[in-house]
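A structural walkthrough
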Amino acid sequence: MKRLNITLIVLALLMSCGKNAEKDSLEEEVRNYGKYFIEKLANGQIDSLKFTYPEIIMADSLSQIIEDSIRITEISSGKYKVVLSDNVSLTVNRSDDGKITISESTGLFAFPLDKLEIAKKTGMLDSTLNDKQIAERLNDEGFFKYLDSLNKKKTTKLLTVTEFKTDAPSMGTASEEGWQTIINNTDVPFDGSEYSIIFEEGGFWYYEDTGVESKTYKKKGNPIPARGSIKINTTAGYHYYSLVKDIKINLTPDQIRKRFMKYTGTEYSDYLASESKLNK
């Protein structure tokens, strides 16, 4: 009876050792793939990686990885988490016939910093998303057009101009010297190059019974501090006038969004809700 028990114990140990050896062998195979992946990445041989990770072509650029120590964790049978560096990991699948594929990555794709910053502020990203999911969201131009429309609503009056004012006594139809005020309605200072002042001038010469054809022209703006204002000398009157008629902002929608837009963090969920309503 004792011999039988010893035999069973030995068999159990042999089986256990065999399973551990097989597990170690599979993990070493996956580890070697991780080394291969880093090598191809370092050499810019992305085409060699497309066969095991087709979604890699979705990346505009890829993170550079300096191999320190590849860490392998078995998630389930044939599925492994492969940590290539502190910020980059792969989910690697090994089939029974030895074929290796990557189902997802995190931290591998390098994204445009401007879009990434906006995505973080608008609730577009969260810690559960992998590289492919982030790429799909950042490539959703509909969302950024949605932000531009919000931009226009919230930033239509970055700068405003007041009506003409003067300290001079009224001279009837004669021209009067005075000023108009340009007001910065934002919490951000305006540089003079970031806007243009549109003037209109004209008048009427009654001695010749002819009018002076009105014309518009523009001048470069002057710096205005946040929530500040500047005075612009202008002239009003029947004989001659030269007044500020408009302000032209010399910034792209993207620049306006970066400088002046304040986000609540719900913009992305609001966008999805609005798209859902449109599709019903």
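Residues numbered from 1 in each chain as written. Predicted model: local features only at pLDDT ≥ 70, side-chain atom pairs only at ≥ 80, totals over all residues. Heavy atoms only, no water.

Section: the packing of helix α4 (residues 141-154) against helix α5 (residues 253-260)
Their axes nearest at 10 Å, the elements α4 and α5 cross at an angle of 70°. Here α4 is positioned roughly perpendicular relative to α5, judged by the angle of their axes. In this structure, α4 crosses over α5, and the sense of that crossing is left-handed. On α5, the residues that touch Phe144, Leu147, Asp148 and Asn151 of α4 are Pro253, Ile256 and Arg257. Partitioning the contact of α4 with α5 into residue classes produces four nonpolar, one polar and two charged. (Axes fitted to C-alpha atoms, helices over the stretch in contact; angles between N-to-C directions. Helix = DSSP H or I, 4+ residues; strand = E, 2+ residues; numbered from the N terminus. Parallel < 35°, antiparallel > 145°, perpendicular 65-115°, else oblique. Left-handed = near helix turned anticlockwise from the far one by under 90°. Contact = heavy atoms within 4.5 Å. Nonpolar A, V, L, I, M, F, W, Y, C, P; charged D, E, K, R; others polar.)

A look at the sheet that holds strand β2 (residues 71-76)
Strand order in the open sheet formed by four strands is β2-β3-β4-β5, with antiparallel pairing between adjacent strands. Bordering the open sheet on either side are β2 and β5 (100-106), each of which pairs with just one other strand. When the angles between neighbouring strand axes are averaged without regard to direction, this sheet yields 25°. With six bridges joining them, strand β4 (residues 89-94) and β5 adopt antiparallel strand pairing. For Thr91, the partnering residue across the bridge sits in β5 and is Glu104. (Pairing = 2+ DSSP bridges.)

Quick look at the pairing of β4
Inspection of the sheet shows strand β3 (residues 79-83) paired to β4 by five bridges, in the antiparallel sense. When the sheet's bridge partners are listed, Val82 is paired in β4 with Leu90. The hairpin formed by β3 and β4 contains five residues between the paired strands. Hairpin connection of β4 to β5: five residues between the antiparallel strands, including Gly98 at a positive phi of 90°.

What about helix α2 (residues 113-121)?
Taken as a whole, α2 has its buried residues at Leu116, Ile118 and Ala119. Down the axis of α2, the buried set is contained in an arc of 165°. They therefore lie on one face. Within α2, the exposed residues directed more than 90 degrees away from the buried face are Leu113 and Lys120. Those residues of α2 that are buried lie in contact with α3 (131-138), α4 and α5. Looking at the residues trailing α2, positive phi occurs at Gly123, about 80°. (Buried < 20%, exposed > 50% of the residue type's maximum accessible area, 1.4 Å probe, protein only. Arc of directions from axis to C-beta.)

Considerations on the side chain of Asn151
Within the secondary structure, Asn151 sits in helix α4. Exposure remark for Asn151: the relative accessible area of 2% places this residue in the buried category. Residues within four places of Asn151 in sequence aside, it is in contact with Pro253, Ile256, Arg257 and Met261.

Digging into the side chain of Glu267
By the secondary structure assignment, Glu267 is in helix α6 (residues 267-279). Ignoring anything within four residues of it in the chain, the contact list for Glu267 reads Lys121, Thr122, Phe143, Tyr146, Leu147, Leu150 and Lys262.

A look at the packing of aromatic side chains
Tallied over the entire structure, the rule returns 13 aromatic pairs. Their ring planes at 25° and their centres at 6.4 Å tell us that Phe143 and Tyr146 sit as a pair that is stacked. Placement of the pair is Phe143 and Tyr146 together in helix α4, with a separation of three residues, close to one helical turn. On the numbers, 5.3 Å between centres and 10° between planes, the contact of Phe199 with Tyr217 is stacked. In this pair, Phe199 sits in strand β9 (residues 195-205) while Tyr217 sits in strand β10 (residues 210-220), placing the two residues 18 residues apart along the sequence. (Phe/Tyr/Trp six-rings, centres within 6.5 Å; stacked < 30°, edge-to-face > 60°.)

Some words on the environment of Lys215
With respect to the helices and strands, Lys215 occurs in strand β10. Sequence-distant contacts of Lys215, defined by excluding residues within four places in its chain, comprise Phe199, Glu200 and Glu201.

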